[in-house]
Amino acid sequence: MRPGPGLWNFGEDGGVAIDIRKLDADHSILLLAQNRAARCRRPAASVPLSWTYPQDALLALKRVVEERQAATPVATGVAPEQLHFNYAISGDRPAWRPLRAFDDGRQTYVEFPASLAVGEAPPLFLVDRKGEAQLVNYRLQGRFYVVDRIFDVAELRLGLKHQDVVRITRVDGAQAKRRKS
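Cut-off values and rules
- Residues numbered from 1 in each chain as written.
- Predicted model: local features only at pLDDT ≥ 70, side-chain atom pairs only at ≥ 80, totals over all residues.
- Heavy atoms only, no water.
- Salt bridge = Lys/Arg side-chain N within 4 Å of Asp/Glu carboxyl O.
- Helix = DSSP H or I, 4+ residues; strand = E, 2+ residues; numbered from the N terminus.
- Buried < 20%, exposed > 50% of the residue type's maximum accessible area, 1.4 Å probe, protein only.
- Phe/Tyr/Trp six-rings, centres within 6.5 Å; stacked < 30°, edge-to-face > 60°.
- Lys NZ or Arg CZ within 6 Å of the ring centre and 35° of its normal.

Enquirer: Quick one: what's the story with the pattern of salt bridges, residue by residue and with numbers?
Expert: According to the stated counting rule, one finds six salt bridges in the structure shown. A salt bridge links glutamate 111 to arginine 100; the nearest nitrogen and oxygen atoms lie 2.6 Å apart. Of this pair, glutamate 111 sits in strand β7 (residues 108-111) while arginine 100 sits in strand β6 (residues 100-103), and the two are eleven residues apart along the sequence. Judged by relative accessible area, which is 39%, arginine 100 ranks as partly exposed. A salt bridge links arginine 167 to glutamate 155; its shortest N-O distance comes to 2.8 Å. With a gap of twelve residues between them, arginine 167 in strand β13 (residues 164-170) and glutamate 155 in strand β12 (residues 153-158) connect regions that are remote in the sequence.

Enquirer: Residue-level account of the packing of aromatic side chains, with values.
Expert: Following the criterion strictly, the structure yields six aromatic pairs and no others. Judged by centre distance (5.9 Å) and plane angle (65°), the rings of tyrosine 87 and phenylalanine 151 are edge-to-face. Residue tyrosine 87 is located in strand β5 (residues 87-91), and its partner phenylalanine 151 is located in the loop between β11 (144-147) and β12; the two are separated by 64 residues in the primary sequence. The exposure classification of tyrosine 87 matches that of phenylalanine 151, with both residues buried. Relative to tyrosine 109, the ring of phenylalanine 102 has its centre 5.2 Å away and its plane inclined at 25°; by these criteria the two rings are stacked. One exposure class covers both phenylalanine 102 and tyrosine 109, and it is buried. Cluster of aromatic residues (ring-pair linked, three or more members): Phe85, Phe102, Tyr109 and Phe144. Sitting above the plane of the phenylalanine 125 ring, arginine 157 keeps its charged end 5.1 Å from the centroid.

Put into structure tokens, the structure is as follows:
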């Protein structure tokens, strides 16, 4: 149906066309929308008007940033033969339990399931030879904790009354061979 005088026409692209045949005395048009108003003085035959809602633009920008972060590699310049997967994961089995841990000879990476993004993330503690735990600096990159050092034993702990504890232990070559068999 073709729009008549003063009728709205919703286009395929989500745009709106208005056919106005009679103008105010000063030849202006006042358009009222749910959250916006626009006045156009002495319009030509076809005047494009548009407005955006800041919260929609912010959400779109946030989506773009999240997509770029998801596509960003956790590490660059690392050859596969430099990766060491000789880590054992033991302890409790919370939803955030890591899938694996590995290092590249310089940094240690702890990979978590995607569910980590919707819940609390556990802090990472390094455990020394005496069994004492100390909080270590790490950063969250996608689904990975990236620790800027190699460690022998670390623990992830979360909770107050009932604390979930997951231990990550680096195993030597002989232990790793025994684990595979």
